[in-house]
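Per-entry structural report
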Amino acid sequence: MTLHDDAVLVLKEYGDQEELRRVYLDHLAAHPDGMYKPCGAGHLTSSALVVDPSRGRVLLTLHRKLGMWLQMGGHCEAGDPTVEAAALREATEESGIAGLTLLPGGPVRLDRHPIPAPCHWHLDVQYAALAPAGAVAEISEESLDLRWFAYEEVAGVADTSVVRLLEAALARLP
């Protein structure tokens, strides 16, 4: 199964945000290269919000290019076997935390946002990653900063897409 095939399957099984889910599926149907950055019409990305439920906090990165506090994530790569694996790879690389596990049940949200030309859209498939006990984050070259925030602090530092992702992740926690 290709990464493209996996994305279609994941999106067909995703049971929320019907209109946006359809936009993603239509994009992939129209663009065989729609998983990767060179696709000028836009491409899927994969991200994960790193959550530490035992301490009531999330890890956000101050994105180097955007200057915004965001969840970990980015572009899918040819070696990623699944969209889920891409999210876990990105979260691990950007957080420096080994042993992250994705919250079961597939993506917690979808988020479509414009980006500068030559590409036009990121179609982000968003997961939640659980931090292991005692996790210590290490900043990567992709970040200006990396910081833990209490759940209630997120709305004061991040945009609504991150707040919605946190709300969806918390609703899924046991």
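1. Some thoughts on the packing of helix H1 (residues 3-13) against helix H2 (residues 18-30)
Interaxial distance between H1 and H2 falls to 10 Å at its minimum, and their mutual angle equals 155 degrees. As judged from the angle between their axes, H1 and H2 are roughly antiparallel. Here the hand of the crossing between H1 and H2 comes out left-handed. The residues of H2 that touch H1, namely those facing His-4, Ala-7, Val-8, Leu-11 and Lys-12, are Arg-21, Tyr-24, Leu-25 and Leu-28. Counted by class, the contact of H1 with H2 contains six nonpolar, one polar and two charged residues.

2. Examining helix H5 (residues 160-172)
Residues spaced three or four apart along an α-helix face the same direction, because each turn holds 3.6 residues. Spanning 13 residues, H5 covers 18 Å between terminal C-alpha atoms, matching the ideal 18 Å at 1.5 Å per step. Listing the buried residues of H5 in full gives Ser-161, Val-162, Val-163, Leu-165, Leu-166 and Ala-169. The elements touched by buried residues of H5 are strand E1 (43-52), strand E2 (57-63), strand E3 (69-70), strand E6 (109-114), strand E7 (121-130) and helix H4 (154-157).

3. Quick word on the nonpolar core
The biggest cluster of nonpolar side chains holds 32 residues, and the ones touching the most others in it are Met-35, Leu-44, Val-50 and Tyr-127. Sort the elements by how many residues they give to this core and H1 lands first, with five residues. Formed by 18 residues, the second largest nonpolar core is a distinct cluster that contains Val-51, Val-58, Val-108 and Leu-166.

4. Topic: unusual backbone geometry
Backbone geometry at Gln-17 places phi at a positive 50 degrees, although glycine is not the residue there. Structurally, Gln-17 is set in the loop between H1 and H2. We classify Gln-17 as buried; its relative accessible area is 18%.

5. Things to note about the packing of aromatic side chains
Applying the stated criterion to the full structure yields one aromatic pair. On the basis of an interplanar angle of 75 degrees and a centroid distance of 5.0 Å, the ring pair of Trp-69 and Phe-149 is categorised as edge-to-face. Placement of Trp-69 in strand E3 and of Phe-149 in strand E8 (residues 143-150) is noted, with a sequence separation of 80 residues between them. What makes Phe-149 buried here is its relative accessible area of 5%. The residue whose ring lies beneath Arg-57 is Trp-148, and the NZ or CZ to ring-centre distance is 3.9 Å. The ring of Trp-121 carries the charged tip of Arg-112 above its face, separated from the ring centre by 3.6 Å.

6. A look at the side chain of His-4
Residue placement: His-4 occurs in helix H1. A relative accessible area of 18% means that His-4 is categorised as buried. When neighbours within four sequence positions are excluded, His-4 is seen to be in contact with Leu-28, His-31, Pro-32 and Met-35.

7. Details of the pairing of E6
Of the strand pairs in this sheet, E6 and E7 are connected by six bridges, and their pairing is antiparallel. The partner of Asp-111 across the bridge, within E7, is Asp-124. From the end of E6 to the start of E7, which pair antiparallel, there are six residues.

About the thresholds
- Residues numbered from 1 in each chain as written.
- Predicted model: local features only at pLDDT ≥ 70, side-chain atom pairs only at ≥ 80, totals over all residues.
- Heavy atoms only, no water.
- Axes fitted to C-alpha atoms, helices over the stretch in contact; angles between N-to-C directions.
- Helix = DSSP H or I, 4+ residues; strand = E, 2+ residues; numbered from the N terminus.
- Parallel < 35°, antiparallel > 145°, perpendicular 65-115°, else oblique.
- Left-handed = near helix turned anticlockwise from the far one by under 90°.
- Contact = heavy atoms within 4.5 Å.
- Nonpolar A, V, L, I, M, F, W, Y, C, P; charged D, E, K, R; others polar.
- Expected span 1.5 Å × (residues − 1).
- Buried < 20%, exposed > 50% of the residue type's maximum accessible area, 1.4 Å probe, protein only.
- Core = buried A, V, L, I, M, F, W, Y, C linked by side-chain atoms within 4.5 Å.
- Phe/Tyr/Trp six-rings, centres within 6.5 Å; stacked < 30°, edge-to-face > 60°.
- Lys NZ or Arg CZ within 6 Å of the ring centre and 35° of its normal.
- Pairing = 2+ DSSP bridges.

These figures capture arrangement, not role.
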